[in-house]
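# Coordinate analysis (summary)
If you want the building blocks of each chain, they are given just below.
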Amino acid sequence: MKALKTTLAILSLALIFSFCSSKKEKELAVMAYYVPSKNYPLENIPFEKLTHIIFSFTEVIDNQMKFKNESYSQKLKDLVAYKKKYPHLKVMIACGGWGGCAGFSDMANDPKLRQGFVKSTMDFIKEYNLDGTDMDWEYPGMRGAGNMFRKEDTQNFTALMKELREGLDAIGKDMTLTFASAGWERYYDHIETLEVMKYADYMNVMTYDLAGGGSPYTAHHTNLGAYTLDDLKGTPIYEAISKSKRKRNPRSAENIVEYCKNLGVKPEQIIIGGAFYGRAWKGVEPENNGLYQKNKGVWIGWAQYGNIRDKYENKGGFVRHWDSIAKAPYLYSAKDSIFISYDDTESVKLKTRFVKENDLGGIMFWQLTDDTQQKNSLLNAIHEEMVEK
C-alpha cells in the first residue's frame, strides 16, 4: 500500500511538471496584418518570424464575404502557396477594416443574411485553403467610417462570432477566429465581451490610433506605457481635458489590457498591437519638443515606418525623443514645427516583453508592408525579443 501511494505521488508530480512545462512552452502569436505591395514582394517576407499572416481585406458585399478588389484573389493564392515551405504558418482572411464596414450591421441584424454570410466565409476559407478569419468590424453599435450602426449590433456581433465559430469547427481542422477590438474603453460598452470571447481564439486589440489626426493636440498614438492626467500638467492638452465635460483616462496599451483583464478576459486571449506607421501633425509649438501641444492639422495622416526611418528619424531637422512614462518615441522638427508619433524598434521590443511578462496571447501589427526591409526592421525587433529567454 505504501509503495502504491509513493507511485501515485510520483505520477502526480510528473503530471504537474508536464502541465507546467506545456503551459510554459505555449507558442506566443506573432500576427501580421498584410496588404499586398509591389514594394514589398512576397519572397522578401520573413515568414519564419510569424505565426499568422492576415490578408487584408475582404468586405461584406451583398451580404457575402467578397473582395472589393478582385486582383486580390490571385495575390491571396500566391501568399497561401508559401505554406508549403512554411507549414507552421497560419494564413487568415480579414473582413472589414476602417472604411470597409458598411455591410456588417444590416447583415448581422437578419438571421438568414447572417447565416448566408457565415456560409460564404466558410466557402471562401475552403476555396483558398485558409486557416481562419478575422472580423474587423469598426464598430458594432458605434459610428466608424461610413458604417451603418444600431443598438442591436451588440447582440448581433455575439451571434455572428458564435456562428462563425461553429462554421470553422465544422471544417474539421484547427481554425483561428479573431476580431479587431479598439484600444479604448468605450468600445467594450457596445459588445458582449465575455460572450464573444467564448468563440474567439484572440481579441486583437488595436493599441494604435490612440490619438487621431483630427485631434487638436499632439499625443502618442501607439504608446505602451500608462500615464496619468498629472503627467500632463503644464501642457495645453491638460488644460483642455480638465475643462472637458467628457472625462476619460489617457489611452495606452497597459491601460486597455488591464481594463480587459478586469472585464474577465483571459490574458492568453489578448493580443496587443504595434503600429508600423506614424501619425504626424503640423504647426506644432516647440514646448516639450512638441508633445501634448496644439497643432494646425494633419501633416501626414499615414507615414510608413520604412519612410520615417529613411527620411525623418534624426534627419532633416527631425530629432528623436523618448518618453519614458509612455514608453514611446516621437520626432519633432523645431524648424518645420512638425511632430510625429510612431513605433520604433525600442518600443516594439518593450511591447513584446510586456506580452511575455504578462502571459498575454501575443502581438500583432498593422501592417507588414509598411516595415523597412533593411536588417534592423520592426519585425526583426519583435522576433529578437520573442526568442529572448
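As a reminder, the structure under discussion sits directly above these lines.
What this report covers is the structure whose coordinates are included nearby. This is a predicted model, so every value here is computed, not measured. Once a new chain begins, its residue numbering starts again from 1 and follows that chain's sequence as written. For a predicted model such as this one, the threshold for reporting local features is a pLDDT of at least 70, and the threshold for listing and counting side-chain atom pairs is 80 or more; totals across whole chains, interfaces and linings nevertheless cover every residue. Note that the side-chain values use all heavy atoms of the structure and ignore hydrogens as well as water.

Turning next to the pairing of strand β8 (residues 270-275). The cut-offs for exposure are 20% and 50% of the maximum accessible area for each residue type, with area from a 1.4 Å probe on protein chains only; residues under the lower value are buried, those over the upper are exposed, and the others partly exposed. The secondary structure listing takes helices from DSSP runs of H or I that are at least 4 residues long and strands from runs of E that are at least 2 residues long, numbered from the N terminus. By the criterion of burial, β8 is predominantly enclosed, with six of the six residues buried. Both faces of β8 are covered, namely the face carrying I270, I272 and G274 and the face carrying I271, G273 and A275. Note on pairing: DSSP must find at least two bridges between two strands before they are called paired. Note: β8 against strand β14 (residues 362-366), five bridges, orientation parallel. Of the residues in β14, the one forming a bridge with G274 is F365.

Turning our attention to the pattern of salt bridges. For salt bridges, the criterion is a side-chain nitrogen of Lys or Arg within 4 Å of an Asp or Glu carboxyl oxygen. Under the defined criterion, the tally for this structure stands at 21 salt bridges. Measuring nitrogen to oxygen at the nearest pair gives 3.0 Å for the salt bridge that ties R150 to D106. With R150 in the loop between β5 (132-136) and α5 (153-171) and D106 in helix α3 (residues 104-108), this residue pair connects regions lying 44 residues apart in the sequence. Residue R150 is classed as partly exposed on the basis of its relative accessible area, which comes to 22%. The partner of K119 in a salt bridge is D123, with the nearest N and O atoms 2.9 Å apart. With K119 and D123 both in helix α4 (residues 111-128) and four residues apart, this pair spans about one turn of that helix.

Bringing the environment of S37 into the picture now. Along the chain, the position of S37 falls in the loop between β1 (29-34) and β2 (52-61). Under the relative-accessibility criterion, S37 is labelled partly exposed at 22%. Expressed as a C-alpha distance, the spacing of S37 and D78, which sit 41 residues apart in the sequence, is 13 Å.

Right, let's get into the pairing of strand β6 (residues 176-182). Most of β6 sits inside the fold, with seven of its seven residues counted as buried. Here β6 shows two buried faces, one formed by T176, T178, A180 and A182 and the other by L177, F179 and S181. One ladder, built from four bridges, connects β5 with β6; its direction is parallel. Paired with T133 across the bridge in β6 is L177. At this point the chain moves from β5, through α5, to the parallel β6, and the crossover so formed is right-handed. Pairing analysis gives five bridges linking β6 to strand β7 (residues 202-206), with the strands arranged parallel. The partner of S181 across the bridge, within β7, is V205. Seen with its strands pointing away from the viewer, a crossover is right-handed if its path from the first strand over the helix to the second goes clockwise.

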